[in-house]
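# Secondary and tertiary structure notes
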Amino acid sequence: AEPLGGFFLFEKYIKENSSIGKDEQGNQAYQRRGQNKVTLQFKVDKQGNVYDIAVVGTKNSKFDKQAIQLLKNGPLWKIDEHYEYVQTMYNFYFN
C-alpha cells in the first residue's frame, strides 16, 4: 500500500501539517530525528480509506495523537486491486 501521489508527497504533507516540533512562531524547532518516531499499523480498504489504526512503536507518546490525525486526514491510499484490504505500517518522524 502507498499513499496516492506517492511517499514523497505524503512526507511533504506530514511536514506541512504537523504542529509538533515548531516554536511559537511556527518555525521548525531542532529535534533529533528518531527521538520523535511513531510507528502506526493500519489497514487500507479498496477505496483507499485507512482504519484499525494502532500505535505499535513510539519513542514519545505526545506524538501519537498527531500521527494518527495526520494519517486519518491525509490522502487516500492505494492497494493492489486483487485485495479487499491490506495491513501495513508507516513510521512518522517529527523533526
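Just above sits the structure.
Residues numbered from 1 in each chain as written. Predicted model: local features only at pLDDT ≥ 70, side-chain atom pairs only at ≥ 80, totals over all residues. Heavy atoms only, no water.

## Concerning the packing of aromatic side chains
- Scanning the entire structure with this criterion turns up eleven aromatic pairs.
- Seen in terms of ring centroids, Phe-10 and Tyr-90 are 5.1 Å apart; in terms of plane orientation they differ by 80 degrees. Their pairing is edge-to-face. With Phe-10 in helix H1 (residues 6-17) and Tyr-90 in strand S5 (residues 85-93), the pair connects residues that are 80 residues apart, well separated along the chain. For the residue pair Phe-10 and Tyr-90, the accessibility class agrees, reading buried in each case.
- For the ring pair Phe-10 and Phe-92, a centre distance of 6.2 Å and an interplane angle of 70 degrees mean the geometry is edge-to-face. With Phe-10 in helix H1 and Phe-92 in strand S5, the pair connects residues that are 82 residues apart, well separated along the chain. Both residues of the pair, Phe-10 and Phe-92, count as buried.
- One aromatic cluster in this structure is built from Phe-7, Phe-10, Tyr-13, Phe-42, Phe-63, Trp-77, Tyr-90, Phe-92 and Phe-94. (Phe/Tyr/Trp six-rings, centres within 6.5 Å; stacked < 30°, edge-to-face > 60°. Helix = DSSP H or I, 4+ residues; strand = E, 2+ residues; numbered from the N terminus. Buried < 20%, exposed > 50% of the residue type's maximum accessible area, 1.4 Å probe, protein only.)

## Observations regarding unusual backbone geometry
- Unusually for a residue other than glycine, Asp-52 sits at a positive phi of about 50 degrees.
- Tracing the backbone through its elements, the reader meets Asp-52 in strand S3 (residues 50-58).

Function cannot be read off these values alone, since they describe shape.
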